[in-house]
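Structural overview
The primary structure of each chain is shown beneath.
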Amino acid sequence: MAARTKSAKDRPSYRCTECGWTTAKWLGRCPECHAWGTVEEFGGAPAVRTTAAGRVSSAALPIGQVDSRQATARPTGVGELDRVLGGGLVPGAVVLLAGEPGVGKSTLLLDVAAKAASDEHRTLYVTGEESASQVRMRADRIRAISDHLYLAAETDLSAVLAHLDAVKPSLLILDSVQTVASPEIEGAPGGMAQVREVAGALIRASKERGMSTLLVGHVTKEGAIAGPRLLEHLVDVVLSFEGDRHARLRLVRGVKNRYGATDEVGCFELHDEGITGLADPSGLFLTRRDEPVPGTCLTVTLEGKRPLVAEVQALTVDSQIPSPRRTTSGLETSRVSMMLAVLEQRGRISSLGKRDIYSATVGGVKLSEPAADLAIALALASAASDTPLPKNLVAIGEVGLAGEVRRVTGVQRRLAEAHRLGFTHALVPTDPGKVPAGMRVTEVADMGDALRALPRRSRAQAPQEDGVRR
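So, a few notes on the structure that sits alongside this text. (Residues numbered from 1 in each chain as written. Predicted model: local features only at pLDDT ≥ 70, side-chain atom pairs only at ≥ 80, totals over all residues. Heavy atoms only, no water.)

Looking now at the overall build of the protein chain. Counting its regular elements, the protein chain contains eleven helices and 21 strands. Taken along its principal axes, the extent of the C-alpha atoms in the protein chain is 90 × 75 × 50 Å. Of the contacts formed within the protein chain by residues at least 6 apart in sequence, a portion of 66% connects residues at least 24 apart. Carbon and sulfur atoms form 50% of the exposed surface of the protein chain, whose accessible area is close to 24100 Å². Counting 58 positive and 55 negative side-chain charges, the protein chain places the averaged centre of each group 4 Å from the other. (Helix = DSSP H or I, 4+ residues; strand = E, 2+ residues; numbered from the N terminus. Contact = heavy atoms within 4.5 Å. Areas by Shrake-Rupley, 256 points an atom, 1.4 Å probe, with all protein chains shown as cover. Lys, Arg positive; Asp, Glu negative; His and termini not counted. Charge placed at Lys NZ, Arg CZ, Asp CG, Glu CD.)

A few words on the packing of helix H4 (residues 157-167) against helix H5 (residues 192-209). As a packed pair, H4 and H5 sit with axes 11 Å apart at the nearest point and diverge in direction by 10 degrees. Taken together, the axes of H4 and H5 are roughly parallel relative to one another. Facing Leu-157, Val-160, Leu-161, Leu-164 and Asp-165 of H4, the residues of H5 in contact are Glu-197, Val-198, Ala-201, Leu-202, Ala-205 and Arg-209. For the contact of H4 with H5, the residue count by class is eight nonpolar, no polar and three charged. (Axes fitted to C-alpha atoms, helices over the stretch in contact; angles between N-to-C directions. Parallel < 35°, antiparallel > 145°, perpendicular 65-115°, else oblique. Nonpolar A, V, L, I, M, F, W, Y, C, P; charged D, E, K, R; others polar.)

Across the sheet, nine strands lie side by side as S6-S5-S7-S8-S4-S9-S10-S11-S12; this open sheet has mixed pairing. Since the sheet does not close on itself, it has two edges, and those belong to strand S6 (149-153) and strand S12 (274-277), each with one partner. Between one strand axis and the next, the sheet turns by 20 degrees as a mean value, whatever way the strands run. Those strands touched by helix H2 (residues 105-116) are strand S4 (94-99), strand S5 (123-127), S6, strand S7 (171-175), strand S8 (212-217), strand S9 (237-242), strand S10 (249-257), strand S11 (265-271) and S12, and its axis lies near 155 degrees from that of S5. Its contacts with the sheet put H4 on S5, S6 and S7, and the angle it makes with S5 is roughly 160 degrees. (Pairing = 2+ DSSP bridges.)

As a further point, take the pairing of S6. As defined by bridge partners, S5 adjoins S6 across five bridges and the pair is classed as parallel. Along S6, the bridge assignment pairs Leu-124 with Tyr-150. Considered for its hand, the β-α-β crossover made up of S5, helix H3 (residues 132-142) and S6 is right-handed. (Right-handed = clockwise from strand over helix to strand, strands pointing away.)

Structurally, Val-235 is set in the loop between helix H6 (230-234) and S9. For the pair formed by Val-235 and Ala-93, sequence separation is 142 residues and the distance between their alpha carbons is 7.8 Å. Here Val-235 is in contact with Val-94, Leu-96, Ile-203, Leu-215, Lys-256 and Arg-258, once residues within four sequence places are set aside.

A few words on the side chain of Thr-123. Structurally, Thr-123 can be placed in strand S5. Under the relative-accessibility criterion, Thr-123 is labelled buried at 0%. Contact partners of Thr-123, with chain neighbours within four places excluded, come to Ala-113, Ala-116, Ala-117, His-148, Leu-149, Tyr-150, Pro-169 and Leu-171. (Buried < 20%, exposed > 50% of the residue type's maximum accessible area, 1.4 Å probe, protein only.)

Turning to the pairing of S12, a few remarks are in order. Taken together, the four bridges between S11 and S12 define a ladder with antiparallel strand orientation. Bridge assignment links Glu-269 to a residue of S12, and that residue is Thr-276.

Let's shift gears to the nonpolar core. Membership of the largest hydrophobic core comes to 46 residues, with the highest contact counts inside it found for Leu-343, Leu-374, Leu-378, Leu-380, Leu-427 and Met-447. Residue assignment for this core shows that the elements contributing at least two residues are S10, S11, strand S14 (306-318), helix H7 (333-345), helix H8 (373-385), strand S17 (393-395) and helix H10 (447-451). Ranked by the residues each element gives to this core, the list is headed by H8, at ten residues. Beyond its immediate chain neighbours, meaning those up to four positions away, Leu-378 contacts Cys-297, Leu-389, Ala-395, Leu-427, Ala-450 and Leu-451. By size, the runner-up hydrophobic cluster in this structure holds 32 residues, among which are Val-84, Ala-116, Ala-117 and Val-237. (Core = buried A, V, L, I, M, F, W, Y, C linked by side-chain atoms within 4.5 Å.)

Moving on to the pattern of salt bridges. Going through the model one piece at a time under the given rule, you end up with 21 salt bridges. Across the salt bridge formed by Asp-236 and Arg-258, the nearest N and O atoms sit 2.7 Å from each other. Residue Asp-236 is located in the loop between H6 and S9, and its partner Arg-258 is located in the loop between S10 and S11; the two are separated by 22 residues in the primary sequence. For Asp-236, a relative accessible area of 3% gives the class buried. Close ionic contact of Arg-420 with Asp-280 constitutes a salt bridge, the shortest N to O distance being 3.0 Å. A residue pair is termed long-range when its members are at least 10 positions apart, and Arg-420 in helix H9 (residues 411-420) and Asp-280 in the loop between S12 and strand S13 (296-303) qualify at 140 residues. Taken together, the shared-partner salt bridges in this structure form one network comprising Glu-80, Arg-83 and Arg-306. (Salt bridge = Lys/Arg side-chain N within 4 Å of Asp/Glu carboxyl O.)

Moving on: the side chain of Glu-232. Here Glu-232 lies in helix H6. Judged by its relative accessible area of 16%, Glu-232 is buried. For Glu-232, the residues in contact, after removing those within four places along its chain, are Ile-225, Val-238 and Lys-256.

Quick look at the packing of H2 against H3 now. Running from amino to carboxyl end, H2 crosses H3 at an angle of 70 degrees, the nearest separation of the two axes being 10 Å. Classified by the interaxial angle, the pair formed by H2 and H3 is roughly perpendicular. Counted together, Ser-106, Thr-107, Leu-110 and Asp-111 of H2 and Val-135, Arg-138, Ala-139, Arg-141 and Ile-142 of H3 form the full contact between these two elements.

Here we take up H4. Inspection of H4 places Leu-157, Val-160, Leu-164 and Val-167 among the buried residues, and these make up the whole buried set. Angularly, the buried residues of H4 cover 95 degrees about the axis, an arc narrow enough to put them on a single face. For H4, the elements touching its buried residues are S5, S6, S7 and H5. (Arc of directions from axis to C-beta.)

Counted at 1.5 Å a residue, the expected span for H8 with its 13 residues is 18 Å, and the 19 Å between its end C-alpha atoms agrees. Counting buried residues along H8, 13 of its 13 residues qualify, which places the element largely inside the surrounding structure. Immediately downstream of H8, the backbone of Asp-386 shows phi near 55 degrees, a positive value. (Expected span 1.5 Å × (residues − 1).)

Listed below in structure tokens is the structure:
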């Protein structure tokens, strides 16, 4: 007797727990999100269906006749957040704000909730991680009290939707999307099915009501947004809230934005009274001193379109172990290692390979763009020769493995910011363009030209053992 062929209902089906991609056979790596070990069996194979044409919700119009006023952004009252959002919150937009625990997400959004609330625009703040009394205590501390700000502590999706019917807010803040669950969906809160259902229901409610929504998301140990990647595709804006919990600086970066640019960055300062925006944060990244110190160099980095003056520090000491230490903070270890190799081979500084080297930034800022290469190299050279760089000097440029100093974007904006803060001398790549009046700009083609910025008298007096071969 022939074996009975399995029907489509009997055949297993597999689904990726990260992005929700489905397939009829098991794979070790999801071809959609490229995650390993996330494809799991979840039930019968999906039946093949066809969709017939139905009624349209609204007639198609020529694009020139579409009313664009419905997508006009409304300011939140927090200027630095509006900068990243592209002017404010668009009615019906859904924003996902992700960050590590304790970085200040709830504090920032509670401040936004209070400032955005008004007579015409109510705000509903739903917390699933804290009680209402705990949120009220934080609101008292940061002075985020408003008669038009409504607070609810819920973890049930149906209850959240009921609050929307009762309050009719213009802005909904949910803290966080991983703590809310639907009773109609199996699985624990934070799972793929629950996050998808909660996000989908709130997105539909936002679009139907013209209500802006801010969702708080958790991050994994690797720094990625927790939950299925489908969540990032569903929302309109994805923001990343960054910062060292031991520092005051906090940065909000745009990862995805359907209504504006994704290269903007908002700067905030977290303190006991709450969180405040920093329109001019460069002072946090500098150390004010009367006399220059060996091993320090200033540079101008671009965070989005915003130029920020930052300080790079380096320290070299005799190593007590066979393998010298290489410690970095706020800098990429690979770029520091590259600058060490360039200095030794192209700059003829031989002692760096046998010494412990420590390099860091000031104020918790992270420098990852290549424009900081020249400042890193000069700080290391200054520390190796124990010779301070001239006062009020900034260095801008990318350094190649051949020792050449390459051009970078936005040199004129960087120089204008340095001049505004009182710096009078700059080392830049060749052909920098128009420079600010009253600022002395020295063009350097390679590391040899850049190392000549070290004072000659001090270098001549330095002993031969300083590692600089002459």
